[in-house]
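# Structural description and commentary
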Amino acid sequence: MTTQQLEIPPRGTRGRRITNVFFRLLRPVAAGQISRYRKSPQPMRMGNIPLVLLTTIGTKTGRERTSVLGGFEEPDGSWLVVGSKGGSVTHPRWFINLAKKPDSVWLEVGDRKFKVRPELLKGDEYEAAYARVVHDSHQYA
């Protein structure tokens, strides 16, 4: 059974215009982070934010793609990740992959890897989640 694709919201009108060249240059750094994360005996953090690994399947390549993201654990055990792409006007590639192939998404938290069912938050649910994220991590404000 295939889950329906998630809605992809329109691109932003304000924010940073980050070129793909920048992200290509960061690939080796990201690969090193992923390797260190998987070898670490303890869950990794960036400041007070737990780091998680999000794995999606590329919509063009069909290959697994893993990203290191800040994760916010919800009281019910679910995880919230923010698709900000560093404040860019465009969506991160992992979000597009996740939205188009929501049945093929995994999250790694510490040494646990599990399949997840992504949801796009809207309205009051989005506002409450965003307020929590900004409270926990001011750089998202």
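Anything mentioned here points back to the structure above.
Read on for a plain summary of the structure. It should be emphasised that the depicted structure is a prediction, and the values quoted were computed from it without experimental measurement. (Residues numbered from 1 in each chain as written. Predicted model: local features only at pLDDT ≥ 70, side-chain atom pairs only at ≥ 80, totals over all residues. Heavy atoms only, no water.)

### Quick word on the nonpolar core
Note the cut-off: Grouping buried Ala, Val, Leu, Ile, Met, Phe, Trp, Tyr and Cys residues that are joined through side-chain atoms within 4.5 Å yields what is termed a nonpolar core. Type-normalised accessible area, obtained with a 1.4 Å probe on protein chains alone, sets the label of each residue: buried when under 20%, exposed when over 50%, and partly exposed for intermediate values. A helix here means a DSSP run of H or I that spans at least four residues, while a strand means a run of E at least two residues long, and both kinds are numbered starting from the N terminus.
Core analysis: the biggest nonpolar cluster contains 13 residues, and Val 52, Leu 54, Trp 94, Phe 95, Leu 98 and Leu 107 have the highest contact counts within it. When residues of this core are traced back to their parent elements, those giving at least two are β2 (49-57), α2 (93-100) and β5 (106-109). Among the elements that line this core, the one with the most residues is α2, at five residues.

### Side note on the pairing of strand β3 (residues 64-73)
Keep this limit in mind: Here the rule is simple: two strands pair whenever DSSP picks up at least two bridges between them.
With seven bridges connecting them, β2 and β3 associate as antiparallel partners. Its bridge partner lying in β3, Thr 55 is registered against Thr 66. What sits between the antiparallel neighbours β2 and β3 is a turn of six residues, in which Gly 62 has the positive phi angle 75 degrees. Two strands pair when backbone bridges link them, and β3 and strand β4 (residues 79-81) are joined in this way by three bridges, in the antiparallel orientation. Looking at the pairing, Phe 72 lines up with Leu 80 of β4.

### Considerations on helix α3 (residues 123-136)
Condition: Expected span of a helix, by definition, is 1.5 Å for each gap between consecutive residues, and there is one gap fewer than residues. The arc in question is formed by the directions pointing from the helix axis toward the C-beta atoms.
The end-to-end C-alpha distance of α3, which contains 14 residues, comes to 20 Å, matching closely the 20 Å that a straight helix rising 1.5 Å per residue would cover. Turning to α3, its buried residues number three or more, namely Ala 129, Val 133 and Val 134. The arc that holds the buried residues of α3, viewed along the axis, is 135 degrees, so those residues lie on one side. Residues of α3 that are exposed and point more than 90 degrees away from the buried face comprise Asp 124 and His 135.

### Describing the environment of Asn 97
Note the following rule: Working rule for contacts: check all heavy atoms of both residues, and any pair within 4.5 Å makes them a contact.
Looking at where Asn 97 falls in the secondary structure, it is placed in helix α2. A relative accessible area of 4% means that Asn 97 is categorised as buried. Counting along the chain gives 40 residues from Asn 97 to Ile 57, while the straight-line C-alpha distance between them is 6.2 Å. Apart from residues lying up to four places away in sequence, Asn 97 is in contact with Thr 56, Ile 57, Gly 58, Thr 59 and Arg 65.

### Remarks on the packing of aromatic side chains
Pairs of aromatic rings are described using the distance from one ring centre to the other and the angle between the two planes. As a reminder of what qualifies: The rule is short: rings of Phe, Tyr and Trp, with Trp giving its six-membered ring, pair when the centres are within 6.5 Å, and they are stacked under 30 degrees, edge-to-face over 60, tilted in between.
Across all of its chains, the model carries two aromatic pairs by this definition. The interplanar angle of 80 degrees and the centroid separation of 6.4 Å between the aromatic rings of Trp 94 and Phe 95 together place this pair among those described as edge-to-face. Grouping residues by exposure puts Trp 94 and Phe 95 together as buried. Between the aromatic rings of Tyr 126 and Tyr 130, the centroid separation amounts to 6.0 Å while the plane-to-plane angle is 5 degrees, which identifies the pairing as stacked. Remark: Tyr 130 and Tyr 126 occur in helix α3; sequence separation between them is four residues, near one turn of the helix. Here Tyr 130 falls in the partly exposed class, since its relative accessible area comes to 32%.

### Looking at the pairing of β5
Here β2 runs beside β5; their pairing, made up of three bridges, is antiparallel. By the bridge assignment, Leu 54 is partnered in β5 with Leu 107. Across four bridges, the pairing between β5 and strand β6 (residues 112-115) is antiparallel. Its bridge partner lying in β6, Leu 107 is registered against Phe 114. In sequence, β5 turns back onto β6 through a hairpin of two residues, with Gly 110 there showing a positive phi of about 65 degrees.

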